[in-house]
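The primary structure of each chain is shown beneath.
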Amino acid sequence: MLDAFSTTVIEAGWLLKIDEKQTAILKRENQEAKQKITQIHEVELALFARKFMSIAENMGEMLERTALSVNVKERLDFSCAVLDSKGELIANAPHIPVHLGSLGVCVRKVIAEFEVRQGDTYITNHPKAAM
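Residues numbered from 1 in each chain as written. Predicted model: local features only at pLDDT ≥ 70, side-chain atom pairs only at ≥ 80, totals over all residues. Heavy atoms only, no water.

Some details on the overall build of the protein chain
Consideration 1: When its secondary structure is counted, the protein chain shows three helices and four strands.
Consideration 2: Taking 131 residues into account, the globule formula puts the C-alpha radius of gyration at 14 Å, and the protein chain, at 26 Å, lies well above it.
Consideration 3: Across its three principal directions, the C-alpha atoms of the protein chain cover 80 × 30 × 30 Å.
Consideration 4: Within the protein chain, residue pairs in contact and separated by at least 24 positions form 21% of the contacts whose partners lie at least 6 positions apart.
Consideration 5: Within the structure as shown, the protein chain displays about 10,800 Å² of accessible surface, and the carbon and sulfur contribution to it stands at 58%. (Helix = DSSP H or I, 4+ residues; strand = E, 2+ residues; numbered from the N terminus. Rg over C-alpha atoms; globule rule 2.2 N^0.38 Å. Contact = heavy atoms within 4.5 Å. Areas by Shrake-Rupley, 256 points an atom, 1.4 Å probe, with all protein chains shown as cover.)

A closer look at the pairing of strand β1 (residues 14-18)
Consideration 1: Relative to strand β2 (residues 24-28), β1 runs antiparallel, the two sharing five bridges. Note that in β2 the partner of Leu15 across the bridge is Lys27.
Consideration 2: Between β1 and β2, which follow one another and run antiparallel, lie five residues, and Gln22 among them has a positive phi close to 65 degrees. (Pairing = 2+ DSSP bridges.)

Quick notes on the layout of surface pockets
Consideration 1: The calculated volume of the largest pocket comes to roughly 1,200 Å³.
Consideration 2: Lining the largest pocket we find 30 residues, and of these Leu103, Cys106, Val107, Thr124 and Asn125 sit closest to its centre.
Consideration 3: When residues of the lining of the largest pocket are traced back to their parent elements, those giving at least two are α1 (31-66), β3 (81-83) and α3 (100-113).
Consideration 4: A class-by-class count of the residues in the lining of the largest pocket yields 19 nonpolar, eight polar and three charged. (1 Å grid on protein atoms, 1.4 Å probe; cavity = no way out; pocket = protein on both sides within 12 Å on 5 of 7 lines; lining within 4 Å. Points joined across faces, edges and corners; volume = space filled by probe spheres on them. Nonpolar A, V, L, I, M, F, W, Y, C, P; charged D, E, K, R; others polar.)

Description of unusual backbone geometry
With the exception of glycine, the majority of residues adopt a negative phi angle, and the majority of peptide bonds are in the trans configuration.
Consideration 1: Backbone geometry at Gln22 places phi at a positive 65 degrees, although glycine is not the residue there.
Consideration 2: As for its placement among the helices and strands, Gln22 is situated in the loop between β1 and β2.
Consideration 3: One non-glycine residue, Leu76, lies in positive phi territory at about 55 degrees.
Consideration 4: Of note, Leu76 is situated in the loop between α2 (70-73) and β3.
Consideration 5: Given the relative accessible area of 32%, Leu76 is considered partly exposed. (Buried < 20%, exposed > 50% of the residue type's maximum accessible area, 1.4 Å probe, protein only.)

Notes on a nonpolar patch on the surface
Consideration 1: A cluster of nonpolar residues, Ile10, Trp14, Leu16, Ile18 and Leu26, forms a patch on the protein surface that exposes about 390 Å² of accessible area.
Consideration 2: Residue contributions to the nonpolar patch peak at three residues, all from β1.
Consideration 3: Within the element layout of this structure, Leu26 appears in strand β2. (Patch = residues over 30% accessible without salt bridge, like charges linked within 9 Å, V, L, I, M, F, W, Y side chains within 5 Å. Salt bridge = Lys/Arg side-chain N within 4 Å of Asp/Glu carboxyl O.)

Structural data, given as structure tokens:
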């Protein structure tokens, strides 16, 4: 029941209707459409996450097949990951993840030191390069 001594705040996404008995009824605006949009975003996120994970896994498989190093070929002592343009981790393969902490640091150092353009490739394996 509404009266002179009450205040009702309606958040965005809600509709307030007053029925014949002066009762305030709150309903979500178009909840079905919002739920469908949320579900679509969740599916897209899962698909892209899996795609990036697959890329990192394929990188690892190629590295393992072509490696000359015993540490890489037999001990599987390596990490593969996909990073964004700022050097932040997007996805990593389930190899030895101990390298992942330094991987982002290394990529951010390369980005800071060089003018990186589309199509460029940088290869580094210098243990003191981030210092």
